[in-house]
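Architecture at a glance
Residue strings, one per chain:
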Amino acid sequence: MNLAQLLVRAARLFPDRPALFHGEDLICDYRQLGERAARIAGYLARDCGLEPGERVALFMGNVPEYLELFYGIWYAGLVAVPINAKLHPREAQYIIEDAGAAVVFATPDLACALQPLTAQMPAVRQLLCVGNADYEQVYGGRPLAARDRLADDLAWLFYTSGTTGRPKGVMLTHRNLRTMLACHFTDVADSAPEDCALYAAPISHGAGMGNFPHMLVGGRHVVARSSNFDPAEIVRLAAVHRNVFMFAAPTMVKRLAEHVEASGADPSGFKTVLYGGGPMYLEDIRHALRVMGNRFVQIYGQGETPMTITALSRRQLADHRHPRYLERIASVGVAQSMVEVRVTAEDGRDLPEGEVGEILVRGDTVMQGYWNNPEATDKAIRNGWLYTGDMGCFDADGFLTLKDRSKDMIISGGSNIYPREIEEVLLLHPGVHEVSVVGRKHVDWGEEVVAFVVARPGASVSAAELDALCLDHIARFKRPKHYRVIEALPKSNYGKVLKTRLREMLDQEAPAT
Ligand code: AMP
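Description of the structure in this document. (Residues numbered from 1 in each chain as written. Predicted model: local features only at pLDDT ≥ 70, side-chain atom pairs only at ≥ 80, totals over all residues. Heavy atoms only, no water.)

A few points about the nonpolar core
L44, W74, F105 and M246 are the most contacted members of the largest nonpolar core, which has 124 residues in total. Broken down by element, the residue count for this core peaks at nine residues, all from helix 2 (residues 30–47). Other than its neighbours up to four places away in sequence, M246 contacts L198, A200, F229, I234, L256, F270, T272, V273 and L274. In this structure, V79, V104, L127 and C129 belong to the second largest nonpolar core, which totals 25 residues. (Core = buried A, V, L, I, M, F, W, Y, C linked by side-chain atoms within 4.5 Å. Buried < 20%, exposed > 50% of the residue type's maximum accessible area, 1.4 Å probe, protein only. Helix = DSSP H or I, 4+ residues; strand = E, 2+ residues; numbered from the N terminus. Contact = heavy atoms within 4.5 Å.)

If you want it as structure tokens, here you go:
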């Protein structure tokens with residue numbers, strides 16, 4: 001059941017196929033990739049003395065070594081702890097210590113910043129700088145054959161972004177990730193040997209999880225050279241490599257489609273662009289489909305059941321003639337084939353179609369729990385169901401529409417207001433580039449609605465126009481009471497808008513009366 005078997009198998013079955021590229025440059029074939037992973041495993045097991053189940057942290061930007069390290073760790077029966085490269089070294093220190101990682105790999109800039117802190121981390125036996133001569137020693141060990149692992153052994157500790165409180169380590173097992181892999185082929189894409197997985201978003205997150213299907217079929221893996229998402233580079237790499245599969249946050253899809261439209265580039269090198277991880281607005285997906293064609297698939301998931309709650313397929317995104325086409329493409333699709341999904345009221349009752357409640361998930365993709373945190377685990381998993389904290393409703397055909405995370409919902413004058421609904425309306429204004437709606441404390445109403453708006457370059461957007469648009473589309477009480485035009489929305493490394501940051505900005509001001 002060890003995930004390492006994916007590479008063991010590929011190295012035997014297609015040894016000469018090109019496996020890994022950095023930009024346009026070939027790094028190694030499958031034989032060499034398997035050999036490197038086995039040597040890294042030998043180094044970790046023998047030279048560092050790590051026993052199966054121990055943790056190895058990866059504090060790295062997107063570099064080609066990411067893949068050989070993942071598999072080296074799994075060959076040795078260890079647990080990978082990928083850390084978001086945009087975190088502050090002190091935040092990384094918290095994760096390394098919480099996970100009890102014994103070895104840390106870091107890219108040069110991050111390794112420099114981390115080095116003084118490792119003195120305060122007695123559990124860390126080695127900090128290795130990836131890309132330095134120092135790193136070469138990992139290839140020096142005798143190759144280790146992939147160790148046996150059981151389905152419920154841990155493979156990946158996935159740290160949540162921790163927008164509320166400290167990040168928590170989501171325990172993902174070999175079974176969880178193998179089931180996710182099965183869902184890829186049933187619900188997402190028909191990945192094939194001629195395909196190319198392009199890593200354009202952080203490998204520490206969803207993009208890294210996109211490696212499994214392509215390892216299984218012996219496709220190519222291409223790590224983009226720029227550390228931040230650069231649409232021009234991504235379009236160029238897709239034209240060179242062809243048959244590209246790529247995971248992207250919705251904000252990246254928007255930038256990609258805008259680039260393709262403005263430059264007139266040919267998007268035919270993209271086979272599948274998988275988007276998810278945050279809301280995709282209706283106007284944005286319609287634009288992307290118009291400009292780039294039918295190359296998109298959506299997934300909805302969370303670290304606790306990675307990539308696997310629902311999917312909106314390529315076929316559904318192309319089904320223009322369906323009477324409820326627009327509602328469908330504004331939804332997150334239908335439950336994936338290996339999970340069960342429910343929408344429930346606070347008292348645990350299943351809600352009928354059209355009624356909004358919390359989304360619950362059960363299946364072999366759901367995490368084992370949070371690392372060393374039984375209280376948080378008991379809150380998140382009850383009677384075998386994962387409580388996602390997301391609100392949504394089903395339609396009659398089983399399409400799930402996400403409202404917002406329960407913590408983002410605004411309660412004003414006793415009414416529930418879902419920011420997403422207002423954001424969709426404001427985006428209809430041609431001058432609006434991006435928007436995010438949050439609640440601000442109000443002495444009489446509890447909360448009031450505030451919209452942060454980013455205008456398109458050269459466009460002007462007035463509060464009166466936006467208000468008129470809202471009056472045309474939504475109930476009066478949902479209209480924002482204030483509009484703030486700002487330069488850019490605060491975003492995480494994964495391209496998600498940080499609503500917490502926007503709320504903090506408002507909290508620092510005097511409460512509204
Ligand atoms: P993370 O665990 O960091 O991947 O964040 C997961 C959260 O992102 C989910 O609980 C949702 O709130 C949000 N999310 C994920 N996929 C989607 C999607 N397709 N549409 C809207 N929100 C999403």
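Considering the sheet that holds strand 12 (residues 270–275)
With mixed pairing, the nine strands of this open sheet are ordered in space as 2-1-10-9-11-12-13-14-15. Whereas interior strands pair on both sides, the edge strands pair on one side only; in this sheet they are strand 2 (25–29) and strand 15 (334–335). Summarising the sheet, strand 9 (residues 196–199) and strand 11 (residues 244–248) pair through three bridges and their orientation is parallel. Bridge assignment links C196 to a residue of strand 11, and that residue is V244. (Pairing = 2+ DSSP bridges.)

A word on helix 5 (residues 108–118)
Taken together, the buried positions of helix 5 are occupied by L110, A111, L114, L117 and T118. All buried residues of helix 5 project into a common sector of 115° when viewed along the axis, lining one side. Counted as exposed and oriented over 90 degrees from the buried face of helix 5: D109, C112, Q115 and P116. Its buried side turned inward, helix 5 meets strand 3 (55–59), helix 4 (89–99), strand 5 (103–106) and strand 6 (126–129). (Arc of directions from axis to C-beta.)

Brief notes about the packing of aromatic side chains
In total, this model carries ten aromatic pairs according to the counting rule given. Taken together, a centroid distance of 6.4 Å and an interplanar angle of 35° make the contact between W74 and W156 tilted. With a gap of 82 residues between them, W74 in helix 3 (residues 65–75) and W156 in strand 7 (residues 154–159) connect regions that are remote in the sequence. The pair formed by W74 and W156 is uniform in burial state, with each residue classed as buried. (Phe/Tyr/Trp six-rings, centres within 6.5 Å; stacked < 30°, edge-to-face > 60°.)

Considering the site of the ligand
Near the ligand you find 16 residues, and of these Q302, G303, D390, R405 and K496 are the closest. Contact distances for the ligand include 3.4 Å between an oxygen atom and a side-chain N or O atom of H205. Within the side chain of Q302, an N or O atom sits 2.8 Å from an oxygen atom of the ligand. Notes on the ligand: free accessible area 500 Å², of which the protein chains cover 88%. Looking at the shell around the ligand, the elements that each hand over two or more residues are strand 13 (296–302) and strand 20 (400–405). For the shell around the ligand, the element with the highest residue contribution is strand 13, accounting for five residues. Residues of the shell around the ligand, tallied by class, amount to five nonpolar, eight polar and three charged. (Near = heavy atom within 4 Å. Polar contact = N/O pair within 3.5 Å; in protein donor to acceptor, adjacent residues only side chain to side chain. Areas by Shrake-Rupley, 256 points an atom, 1.4 Å probe, with all protein chains shown as cover. Nonpolar A, V, L, I, M, F, W, Y, C, P; charged D, E, K, R; others polar.)

So far we have only geometry, and geometry alone does not tell us how the molecule works.
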